[in-house]
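Spelled out, the chains give:
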Amino acid sequence: MSSLFEPYTLRSVTIPNRVWMPPMCQYSAAPDGLAEGVATDWHFQHYGARAAGGTGLVILEATGISPEGRISPQDLGLWNETQAGGLRRITDFLKSQGTVAGIQLAHAGRKASTSQPWKGDRPVGPDEHGWTPVGPSAEPYPGLKVPHELTVEEIRETLDQWRASARLALAAGFQVVEIHGAHGYLIGNFLSPHSNRRTDQYGGDFDNRIRYAVEVVDAVREVWPDDLPLFFRLSATDWLDEGGWTPDESVALARVLTEHGVDLMDVSTGGNAAGVTIPVGPNYQVPFAARIKRETDMPVAAVGEISDPGQAEKILAAGEADAVLIGRQLLREPTWARRAARELGGDVRIPPQYGWRP
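These numbers come from a predicted model, not from an experiment.

Caption draft 1: The overall build of the protein, seen in detail. Along its length, the protein carries twelve helices and twelve strands. Radius of gyration (C-alpha) of the protein: 19 Å, near the 21 Å computed for a compact globule of 358 residues. By principal-axis analysis of the C-alpha atoms, the protein measures approximately 65 × 45 × 40 Å. The buried share of the protein, reckoned over its 358 residues, is 59%. Considering only contacts within the protein whose residues lie at least 6 apart along the sequence, 71% involve residues at least 24 apart. As presented, the protein carries roughly 13,800 Å² of accessible surface, and 50% of it is formed by carbon and sulfur atoms. Once the 33 positive and 45 negative side-chain charges of the protein are each reduced to a mean point, those two points are 6 Å apart.

Below, the structure written as structure tokens:
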């Protein structure tokens, strides 16, 4: 059998294949009112199409654990029961197609309160439903607002928000939760000395800079059932020559998070430093996942410019990752998993409404 179409089991959850959809923001929820942060018909058809197309695991987009945790005012949120109820319709449909339903819980940190990308990806103020972002330090991401530096008490308040959001994710029917620690958002802000200038227990050396990430994992694991898997998305490097988060630190963090109940590392890169040179191309992030897999006991998923079935198969067959996350190509081609199965000789579920036809 093709490696891409072998089932994969984490804790009590068996994912039918290794073709997974990563979180990709849609910026399509209401920014205020009773429908604030609630999934819409757009979200239902978007995720449902990829499930009907044979994707084994669909991880919903970065979903704010609080209003100020969203990237944009139009992001999905998961801080109240109305939002959980709106997501339940999606998880029910994904499961009906044999797809495992996951969600990425997120806090955007110093990169919060921006417009939808097609409207300039610029900071927005109260007149456009915006707010003051927060971070470990009052160090702005270039071109964005200066964040409020979180106090220790405020940091602890965010831990309660992570817990509450994870509880709501369970109520909404998700089988996988992913904690967003990548791309220059709040957890990544704490990890990197490029954005973390604190001198207390949350800043300085490696153990202090990872403290918040570990506390978030522990907070989520307190309420997320032992039989359900927990993922962590990490930017394995800031792509800085010095003064940033490094691949060596990523390996060390993976070892720590394994001990704290994380089941898989979703390995990306970048997003925390502007103006860096990133060698974007096919498989450009795979070596970072492969290193974590090789040097730790943490399972990994690979991302980044993976678009061809043969390319994905080689990554798995070489032991560089346990699964692949197909992003932009799944936006272009919702039934990518079916094409990959045809090309590689794998099996994938086809809805009977389509599959009965000769």
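Caption draft 2: Structural view of the pairing of strand 8 (residues 176-181). Burial analysis of strand 8 places six of its six residues in the buried class, the great majority of the element. Burial along strand 8 is two-sided: the residues Val176, Glu178 and His180 and Val177, Ile179 and Gly181 are all buried. Note: strand 8 against strand 9 (residues 230-235), five bridges, orientation parallel. Bridge assignment links Val177 to a residue of strand 9, and that residue is Leu230.

Caption draft 3: Summary view of helix 7 (residues 247-259). Taking 1.5 Å of rise per residue, 13 residues should cover 18 Å, and helix 7 covers 19 Å from first to last C-alpha, within 8% of that figure. Buried-residue contacts for helix 7 involve helix 4 (186-191), helix 5 (206-209), helix 6 (211-223), strand 9, strand 10 (264-268) and helix 8 (286-295). Taken from the residues just after helix 7, Gly261 is the one with a positive phi, measuring 95°.

Caption draft 4: Seen up close, the side chain of Asn208. Mapped onto the elements of the fold, Asn208 is located in helix 5. Polar side-chain contacts of Asn208 include one of 3.1 Å to the backbone oxygen of Gly203.

Caption draft 5: Region of the structure containing the sheet that holds strand 12 (residues 323-325). Reading around the circumference, 3-4-5-8-9-10-11-12 is the order of the eight strands in this closed barrel, with parallel pairing throughout. Put simply, the sheet's adjacent strands are angled 30° from each other on average, direction ignored. Where strand 4 (residues 57-64) lies against strand 5 (residues 100-106), seven bridges are found, and the strand directions are parallel. Paired with Gly64 across the two strands is Ala106, which belongs to strand 5.

Caption draft 6: Main features of the pattern of salt bridges. According to the stated counting rule, one finds 19 salt bridges in the structure shown. One salt bridge connects Arg198 with Asp200, and the closest N-O pair in it is separated by 2.8 Å. Under the relative-accessibility criterion, Arg198 is labelled buried at 8%.

Caption draft 7: Seen up close, the packing of helix 7 against helix 8. The N-to-C vectors of helix 7 and helix 8 enclose an angle of 45°; their axes lie 10 Å apart at closest approach. In terms of orientation, helix 7 and helix 8 fall into the oblique class. Handedness of the crossing formed by helix 7 with helix 8: right-handed. Along its contact with helix 7, which presents Pro247, Asp248, Ser250, Val251, Ala254 and Arg255, the element helix 8 presents Phe288, Arg291, Ile292 and Glu295. Partitioned by chemical class, the residues of the contact of helix 7 with helix 8 number five nonpolar, one polar and four charged.

Caption draft 8: Quick look at the pairing of strand 10. Most of strand 10 is tucked away: five of the five residues are buried. Alternating positions in strand 10 separate into two faces, Leu264, Asp266 and Ser268 on one and Met265 and Val267 on the other, with burial throughout. Relative to strand 10, strand 9 runs parallel, the two being bridged by five bridges. When the bridges of strand 10 are listed, Leu234 appears paired with Val267. Handedness of the crossover joining strand 9 and strand 10 through helix 7: right-handed. Sheet topology note: the strand 10/strand 11 (residues 300-302) ladder contains three bridges and is parallel. Looking at strand 11, one finds that Val267 is bridged to Ala302. On the question of chirality, the crossover connecting strand 10 to the parallel strand 11 by way of helix 8 is right-handed.

Caption draft 9: Representation of the side chain of Asn189. One can find Asn189 in helix 4. There is a polar contact of 2.7 Å between the side chain of Asn189 and the backbone oxygen of Gly184. Excluding its chain neighbours within four sequence positions, the residues that come into contact with Asn189 are Gly109, Arg110, Pro136, Gly184, Ser195, Asn196 and Asn272.

Caption draft 10: Expanded view of the packing of aromatic side chains. Applying the stated criterion to the full structure yields eight aromatic pairs. Considering the side-chain rings of Trp20 and Phe231, the 5.8 Å spacing of their centres and the 20° angle between planes classify their relative orientation as stacked. With Trp20 in strand 3 (residues 19-21) and Phe231 in strand 9, the pair connects residues that are 211 residues apart, well separated along the chain. Accessibility expressed as a relative area gives 1% for Phe231, which makes it buried. Seen in terms of ring centroids, Phe206 and Trp245 are 6.1 Å apart; in terms of plane orientation they differ by 20°. Their pairing is stacked.

What counts and how
- Residues numbered from 1 in each chain as written.
- Predicted model: local features only at pLDDT ≥ 70, side-chain atom pairs only at ≥ 80, totals over all residues.
- Heavy atoms only, no water.
- Helix = DSSP H or I, 4+ residues; strand = E, 2+ residues; numbered from the N terminus.
- Rg over C-alpha atoms; globule rule 2.2 N^0.38 Å.
- Buried < 20%, exposed > 50% of the residue type's maximum accessible area, 1.4 Å probe, protein only.
- Contact = heavy atoms within 4.5 Å.
- Areas by Shrake-Rupley, 256 points an atom, 1.4 Å probe, with all protein chains shown as cover.
- Lys, Arg positive; Asp, Glu negative; His and termini not counted.
- Charge placed at Lys NZ, Arg CZ, Asp CG, Glu CD.
- Pairing = 2+ DSSP bridges.
- Expected span 1.5 Å × (residues − 1).
- Polar contact = N/O pair within 3.5 Å; in protein donor to acceptor, adjacent residues only side chain to side chain.
- Axes fitted to C-alpha atoms, helices over the stretch in contact; angles between N-to-C directions.
- Salt bridge = Lys/Arg side-chain N within 4 Å of Asp/Glu carboxyl O.
- Parallel < 35°, antiparallel > 145°, perpendicular 65-115°, else oblique.
- Left-handed = near helix turned anticlockwise from the far one by under 90°.
- Nonpolar A, V, L, I, M, F, W, Y, C, P; charged D, E, K, R; others polar.
- Right-handed = clockwise from strand over helix to strand, strands pointing away.
- Phe/Tyr/Trp six-rings, centres within 6.5 Å; stacked < 30°, edge-to-face > 60°.

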